[in-house]
Amino acid sequence: MPQMFDRWPHRAPRPGEAMAHVRAVESGKGLGTLWRIFRLTLRHPVMAGITIVATIIASGLQLAVPRLLGEAVDQAEGVLAGGTGASAALWQTALVLLGVSVARGLFTMLHNYFGEATGHHTAYELRLAVYEKIQRLSFGYHDKVHTGDLITVGMLDLDGVRMFFATGILRVVLLGILLGAGSVMLLTTDPLLGLLALSFAPFVAWRSATSQLELRSTWLTLQDMLQNLSRVMEENLGGIRVVRAFAGEAHELDKFDTVSDKALALAHTRVDLRVNSTAAMNLSFLISMGLVLAFGGEKVLSGTMSVGTLTSFLTFMTILQMPVRQLGLMVNSFARASTCGDRLFDFLDLDLDIADRPDAKPLVITDGTLTFEAVQFAYPSAPERAVLTGISFTARRGETVGIVGPPGSGKSSIAHLIPRFYDVTGGRVLIDGQDVRTLTLDTLRQAVAVVQQDSFLFTTNIENNIAYGDPWAKEQQIARSAEFAQLHNYVMGLPTGYQTIVGERGVSLSGGQRQRLNIARALMLDPAVMVFDDSTAAVDAGTEQRIRQSMKQFAANRVTLIISHRLSSLMHANRILFVEGGAIAEEGTHAQLLALGGRYRALYDLQSRASEDQSEAAE
Amino acid sequence: MTDSALEDIDTEEKARRPPKAVVGSSLDREEEVFGKAYDPRVVRRIWAFVGPYRKNLLVSVAAVIIFTLTQLAIPLVIRHAIDHGMVPGGGSASATARTTLYWVIVGYGLIIGVNFAASYVQELVVGKAAENVLFDMRRAMFARLQQVSLSFMDKTEVGRLMSRLMGDVNAMQEFLETSVLSVGDLILLFGIIGVLLWLDPLLGLITMATMPVLFIVRLFWLPPAKKSFMDAHHANSANNGALAEGINGVRTVQSLDRQRVNFDLYEEKSRTNLLAHLRAAKFAQVMVPIVDSLTGMSMATVVVVGGQMVLHRQLDVGIMVAFLFYIQRFFDPIRSLTMQYSVFQRAMSSGTRIIEVLDVPLAITDKPGAVALGADMDGSVEFDHVSFGYRKDIPVLKNVSFRVNPGETVAVVGPTGSGKSSCMALVHRFYDVTEGAVRVGGHDVRDVTGNSLGTSIAMVLQEPFLFTGTVFENIRYAKADATREAVIAAAKAVGAHEFIVTLADGYDTRIEQRGGNLSLGQRQLISFARALVADAKILVLDEATANIDSYTEMLIQKALKRLLEGRTGLVIAHRLATIRGADRIIVLQNGEIIENGNHTELMAQGGLYAKLYTMNYSSFDDLPTGIGTNPGADVGKAT
Ligand SMILES: Nc1ncnc2c1ncn2[C@@H]1O[C@H](COP(=O)(O)OP(=O)(O)OP(=O)(O)O)[C@@H](O)[C@H]1O
Ligand SMILES: Nc1ncnc2c1ncn2[C@@H]1O[C@H](COP(=O)(O)OP(=O)(O)OP(=O)(O)O)[C@@H](O)[C@H]1O
Ligand SMILES: [Mg+2]
Ligand SMILES: [Mg+2]
């Protein structure tokens, strides 16, 4: 059976085409949501075509069944008409009936399978587009949006869109054909009875339209509620150490209950709405059937209709019963697709605020100089709060610049501007005279490595984590970076060495080990600008000193920025900037700053005087 | 890196060698984390959640039965109408027939009325009860996760738990909503069989001769189909896991310019997922033509055999019509039961995953009769020959003993990875020691309630974690009833007040996920303030000021001096200036205490502490030699 399966006609996606899919998905900007989903379906014309044809044939065959049954009944009664060929006719009808059933089954299978397959192909393309978008959206966007919300878009909303073809569009086709062809058939056979048989349709149509609207809005609110709920749970689990440290379990359960109860109430409302509409639809159908029975019976009584014809009328109605029952699902699918689709496409249509400009050029490194020119900056999420107010400095290849300053003074923000994680709001950041905003992001980010202050480690082994920026690195290279970062010995002491998995976000490492892994990761690269953002805060002085030692040769070829609170880390720098309130308050070499006797000096005194003096001074 | 020979990887070789890269977690399959134990009583366990809604269930089963009976009755009514209500040709027979027809129509009206009411009640009751059950289950899981040990949480990714809490719970919904319907389907199935046999035993038997074929086919179909469904499920979670990772690690991805490699890897995962789903869909659909062919076979049989019987006047034509009706409906319940079966399968695998969460062993629980540490607890902390390891093969603490007297402030220093944070985790009983005992206030931590331990110890963790919410809510986290004044006082003590008031909404400014809109130092200050608000007897500071400048730190220390009065302090720091206020210093190395005493004593000893101390203050250029490196350790013993 499996081999047979693999020969079913479908075109397996080829990896090389992945980007084309992404562009195609993004191209429908501005179109109506449902139409846009439909267009995505049409990207698979063969499969969608087979599906629609199969749907039409299957429903045609479905319609043939009542006819045949009606005939059979009439033939069986044929003895009244005195026909001797009745028996042969029965055989013939039976065979046709069998054939029709088999064919109907086959086509239904094709219809179901290809309907689903089309959806899965669409989902595959949407997944790629969502992933690509996530990877390209700026830090500014990710600052504002909770990860859980993005996961909802990428999973639930995507599913809603995926199912639309099979549970929405195809049901419309199926129902349309059954009703359309059926009504022609019925109306030509007997106009009055036909009208009665179809009398439920307008009611159902009206009901679906109205309940679709209501369901849609409940869907939206419910989705939001569930999102809140998962946010509460996710934060709880992510911050479980804090929860435990403060015995916050009861408090967390309260938080959970508040959100959960609201969501539950809404879920109940949704059930109400759904049941109200489906039950009424079903009843209207049964009433039509009753009318057919009453008036049809009357006709049979008066001899204007055969029992067989009436049978085929009634059978036809039973065939309709399934799709009518599914109407509720169909309505649901429309509501879901349009809500989910709205959100999904809104996400996919987001403009990238940090992206290559149309005329972006690759970075050309000549003498390797980094320049900040009167840089001003505010975070996009708090535009009115100036974080940097005029930062200017220059650093040449081989130079090291140290940055110190109180928390929140803007040190990390300076680092963020170099690889263009954010864009400046005033002034310029230049590398060899080229404004970073005019460069292609790829070349820029390959030339700038930032060891970020709060490092993120991936749930994979140490080797993959170190090689994150250069996945084709060789083992020796990885080991060497680890050695430079003073991590190699620790790793070699582990039973599984570089293959050891670090746990989520590196939980199974100590704070200092995490930081050193983070440093090793950056040392794999060969950037023109290297930034260490407070990256040895959790490392002891001895280890730190050795890291610094090995870094010396590394720094020779590039600009190095060291942000640190520990002055021993940066006092050897060519220039030290003391940043306060987003501006450079003091600037110079270690010796110059000491001589200046300002804030840097105060810091130095605090860190270098013997502890006895300090405890007295603190008195 | 600097060595150009190493760097020179040509693209050709790149193409040949796979990258050292994956997207999505590399953790072992989660079954191993949760223990494979498939609980055959999943159904019973889930039933326990349905228990409270037993009444609703009864009502809905009753409604479903009524509903099914009316469904079953409708063809019979039609049959009656045809056989007795429709005698064409006028005359008295026709007249009585007409009366019969009227009554039948009235009966029909009644039946569909009942049908409507029953289906309404059933769907409403079941729908709501199902939602209740789902929310109850989720809550039970969440409550359980509040109790499981941290060693379990360390091994388990948040995303995987979330997929159980949301995904698997939602997957149960379909099952719960439709399982009552399958009761109806079963009744319908047996009802139809019964009615057919009653209407005409012979014809009934012949008609149903196709049934065994169906069962045999299903027997062969089921095992591979089931496997394909499971594969699709796994491929899907792998795919979603990779997505979640992409979202969480996006800053690192962009910073290291890994987008392209990740995209290709993700494409591969998505493609695997797609193919697995296509395969599962094929298995699901291949049954359709089989069922339909069998339906056709049965109908053909009725037409031929039944038709002959009608021809020979052995059967009313109405019965034949009823047969045809029933056969059409006969396969409906079979079909929906088949569908229901795969829903059931899926629900059971989700159910198992839910039960697994509910059954995670609680490695750390309150003993029966555990004492609660009261306000009168003296605040002493004692390590009595403690050994500990996260994994059996790697000891982290070896035979550690020390005592912190009430009111004393003790500093713990040592090279990175030496076990300082682990010590603090043991004080709070995040983990249980493997040997020895940790005593707080004179009680073994295993004999006191977790809750009272939590309120007696306030911690500033090495990694500051903030919740989404306002600054105020975050500082108040440890004490939900803390006043605004207390919160502001704590913020002032750690020097956070100044920056908080400059935020857009001051204390009511919203903190984004994990504190992303604050600088790391600011996050640390808030997490520090949070610990102060807790107003606990013992204060544990694990690198609480590592990301804060020395000047701010000095201000904090001044404030702390007052706040620590009468409290016990445990302080970890790498910057030795941080521990200047400590009464005593403990030096840890490789999980062992190598020095213990006050600053003067330790300096006089000339050991590791003295070495670190001088290093801290000496210029970076005169690197002292002799700080060796032995494998597994970060800083070797002083020579
Ligand atoms: N949750 C964990 N699971 C497994 N191993 C762990 C876990 N936490 C820490 N370890 C390991 O235990 C050892 C001690 O770690 P610990 O965090 O106690 O060190 P530390 O002294 O606090 O170091 P640092 O100064 O770098 O924070 C380390 O080798 C670390 O890799
Ligand atoms: N993502 C963000 N969105 C909005 N505001 C932010 C964001 N990140 C930082 N800020 C604010 O910008 C200011 C500067 O932050 P930055 O991270 O540059 O400080 P820092 O000097 O690195 O401090 P630290 O020493 O604590 O790391 C702070 O007031 C902070 O609250
Ligand atoms: Mg910073
Ligand atoms: Mg630590």
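Above this text sits the structure in question.
All figures in this text were calculated on a predicted structure; none of them were measured in a lab.

1. A few points about the pairing of strand 10 (residues 568-572) of chain B
Across a regular strand the side chains alternate sides, sitting on one face of the sheet and then on the other. All names here are of chain B. With five of its five residues buried, strand 10 lies for the most part within the structure. Judged by which residues are buried, strand 10 turns out to be covered on both faces: Thr568, Leu570 and Ile572 on one side and Gly569 and Val571 on the other are all buried. By the bridge criterion, four bridges tie strand 3 (residues 409-413) to strand 10 in an arrangement that is parallel. The residue of strand 10 that forms the bridge with Ala411 is Val571. You can see the chain leave strand 9 (residues 538-542), run along helix 21 (residues 550-563) and come back into strand 10, and the turn it takes is right-handed.

2. Quick notes on the site of ligand 2
In the neighbourhood of ligand 2, 22 residues make up the surrounding shell, with Ser412 and Ser413 of chain A together with Ser519, Gly521 and Gln522 of chain B lying closest. With respect to ligand 2, its neighbouring residues span chains A and B. Within the side chain of Ser381 of chain A, one N or O atom sits 3.2 Å away from a nitrogen atom of ligand 2. In the environment of ligand 2, an oxygen atom lies 2.7 Å from a nitrogen or oxygen atom belonging to the side chain of Gln522 of chain B. Where the shell around ligand 2 is concerned, the elements lending two or more residues are helix 14 (411-417) of chain A together with helix 20 (520-533) of chain B. Residue composition of the shell around ligand 2, by class: six nonpolar, 13 polar and three charged.

3. What to know about the coordination of the magnesium ion (ligand 3)
All names here are of chain A. The protein atoms that coordinate the magnesium ion (ligand 3) are Ser412 (OG) and Gln453 (OE1), at distances of 1.9 to 2.1 Å. Here Ser412, found in helix 14, pairs with Gln453, found in the loop between strand 6 (448-451) and helix 16 (462-466); they are 41 residues apart in sequence, far enough to count as distant. Here Gln453 falls in the buried class, since its relative accessible area comes to 15%.

4. Side note on the coordination of the magnesium ion (ligand 4)
Residues and elements named next belong to chain B. Taken together, Ser421 (OG) and Gln462 (OE1) make up the full set of protein donors to the magnesium ion (ligand 4), lying 1.9 to 2.2 Å away. Within this pair, whereas Ser421 is found in helix 15 (residues 420-427), its partner Gln462 is found in the loop between strand 6 (457-460) and strand 7 (469-470), the two being separated by 41 residues in sequence. Residue classification places Ser421 among the partly exposed residues on the basis of a relative accessible area of 29%.

5. Here's the deal with the nonpolar core
Residues and elements named next belong to chain B. Counting 143 residues, the largest nonpolar core has Met172, Phe383, Leu426, Ile475, Phe528, Ile579 and Tyr609 as the members making the most contacts within it. If one sorts the elements of this core by residue count, helix 6 (residues 91-145) sits on top with ten residues. Aside from chain neighbours lying at most four places away, what touches Met172 is Ile46, Leu134, Met137, Ala347, Ser350, Gly351 and Ile354.

6. Notes on the packing of helix 4 (residues 42-50) of chain B against helix 14 (residues 317-358) of chain B
Residues and elements named next belong to chain B. At a minimum axis separation of 9 Å, helix 4 and helix 14 run at an interaxial angle of 75°. Here helix 14 runs roughly perpendicular to helix 4, going by the angle between their axes. For the pair formed by helix 4 and helix 14, the contact residues are Val42, Val43, Arg45, Ile46 and Phe49 on the first element and Phe344, Met348, Gly351, Thr352, Ile355 and Leu358 on the second. In terms of residue class, the contact of helix 4 with helix 14 is made up of eight nonpolar, two polar and one charged.

7. Looking at helix 8 (residues 158-199) of chain B
A rise of 1.5 Å per residue sets the reference length of helix 8 of chain B, with its 42 residues, at 62 Å; its end C-alpha atoms lie 60 Å apart and thus fit the reference within 8%. Largest kink in helix 8 of chain B: about 35°, centred on Ser179 of chain B.

8. A look at the site of ligand 1
In the vicinity of ligand 1 there are 22 residues, among which Ser510, Gly512 and Gln513 of chain A together with Ser421 and Ser422 of chain B approach most closely. Ligand 1 sits at the junction of chains A and B, each of which supplies nearby residues. Measuring from an oxygen atom of ligand 1, one finds a backbone N or O atom of Ser508 of chain A at 3.2 Å. Side-chain polar atom of Thr416 of chain B to an oxygen atom of ligand 1: 3.4 Å apart, as the coordinates give it. For ligand 1, whose unbound accessible area comes to 640 Å², protein coverage reaches 90%. If you list the elements that add at least two residues to the shell around ligand 1, you get helix 19 (511-523) of chain A together with helix 15 of chain B. Taken together, the residues of the shell around ligand 1 break down into seven nonpolar, 13 polar and two charged.

Conventions we followed
Residues numbered from 1 in each chain as written. Chains lettered and ligands numbered in written order. Predicted model: local features only at pLDDT ≥ 70, side-chain atom pairs only at ≥ 80, totals over all residues. Heavy atoms only, no water. Buried < 20%, exposed > 50% of the residue type's maximum accessible area, 1.4 Å probe, protein only. Helix = DSSP H or I, 4+ residues; strand = E, 2+ residues; numbered from the N terminus. Pairing = 2+ DSSP bridges. Right-handed = clockwise from strand over helix to strand, strands pointing away. Near = heavy atom within 4 Å. Polar contact = N/O pair within 3.5 Å; in protein donor to acceptor, adjacent residues only side chain to side chain. Nonpolar A, V, L, I, M, F, W, Y, C, P; charged D, E, K, R; others polar. Donors = N, O, S within 2.8 Å, 3.2 Å for Na, K, Ca; no water. Core = buried A, V, L, I, M, F, W, Y, C linked by side-chain atoms within 4.5 Å. Contact = heavy atoms within 4.5 Å. Axes fitted to C-alpha atoms, helices over the stretch in contact; angles between N-to-C directions. Parallel < 35°, antiparallel > 145°, perpendicular 65-115°, else oblique. Expected span 1.5 Å × (residues − 1). Bend = angle between axes of the 7 residues up to and from the residue. Areas by Shrake-Rupley, 256 points an atom, 1.4 Å probe, with all protein chains shown as cover.

Coordinates in, geometry out; function isn't part of it.
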